Each structure stands twice: as structure tokens, then as C-alpha cells.
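Here is how the chains run, residue by residue.
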Amino acid sequence: MWSIDRIEGDFALCENTVTGETCRIPLSELPQGIGEGALLHRTPAGWQRAEEAERARRRQMAARIRNLFGPSPFEK
């Protein structure tokens, strides 16, 4: 799986979440509206967004923040 680190010009700079390898992927090869922090996987049809993995990652990050700082005043 690949994570978009940043967008520079017409390229997404990505990092493999397992190996740490980096690469540049032309934005024209990625799904519309993709941005920094998105997770991708390569399929025979091209790059696809890994939406479930993104949701899981957001939940993990939110849990880490709650563990460090306590619940947000905006949480019910």
C-alpha cells in the first residue's frame, strides 16, 4: 500500500507503507480529487484509493490522540 506524502506540481510523492520505498506518480494516473494522506493500492486497472484502510488509519490516529490528550471537548 502507498501513502501520498505530498503533491508537487503534476506528481504525487508517495511512500510504501511497508517498505518505506518512495516514488513519484503522475496525478493523471490517480483518482480524481486525491490528496495528501490518501492511501493507494495498485490494481490491474491502475491506482485505486484504499478507502477502508484510510478510515482505519483515521480511527487509529484519533485513538492515539485521545490516549495522549484525553477526549476532545467537541466529542459527545
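These figures come from a predicted structure and were not determined experimentally.

Engineer: Could you clarify how one ought to interpret the pairing of strand β2 (residues 11-16) in this entry?
Structural biologist: The side chains of a regular strand alternate, residue by residue, between the two faces of the sheet. Relative to β2, strand β1 (residues 2-8) runs antiparallel, the two being bridged by six bridges. From the neighbouring strand, I4 faces β2, where its bridge partner is C14. Adjacent in sequence and paired antiparallel, β1 and β2 are bridged by two residues, among which G9 carries a positive phi angle near 65°. Sheet topology places β2 next to strand β3 (residues 22-26); five bridges connect them, and they run antiparallel. Across the sheet, E15 pairs through a bridge with T22, a residue of β3. Counting the residues between successive antiparallel strands, the hairpin from β2 to β3 contains five residues, one of them, G20, with a positive phi of roughly 85°.

Engineer: Looking at this model, I keep getting lost on the packing of aromatic side chains. Mind explaining?
Structural biologist: Two measures describe an aromatic ring pair: the distance that separates the ring centres and the angle between the ring planes. One pass over the structure, following the stated rule, counts one aromatic pair. A centroid spacing of 6.3 Å and a plane angle of 85° characterise the contact between W2 and W47, whose relative ring orientation is edge-to-face. Of this pair, W2 sits in strand β1 while W47 sits in strand β5 (residues 46-49), and the two are 45 residues apart along the sequence. Judged by its relative accessible area of 12%, W2 falls in the buried class. The exposure class of W47 is buried, given its relative accessible area of 11%.

What counts and what doesn't
- Residues numbered from 1 in each chain as written.
- Predicted model: local features only at pLDDT ≥ 70, side-chain atom pairs only at ≥ 80, totals over all residues.
- Heavy atoms only, no water.
- Pairing = 2+ DSSP bridges.
- Helix = DSSP H or I, 4+ residues; strand = E, 2+ residues; numbered from the N terminus.
- Phe/Tyr/Trp six-rings, centres within 6.5 Å; stacked < 30°, edge-to-face > 60°.
- Buried < 20%, exposed > 50% of the residue type's maximum accessible area, 1.4 Å probe, protein only.

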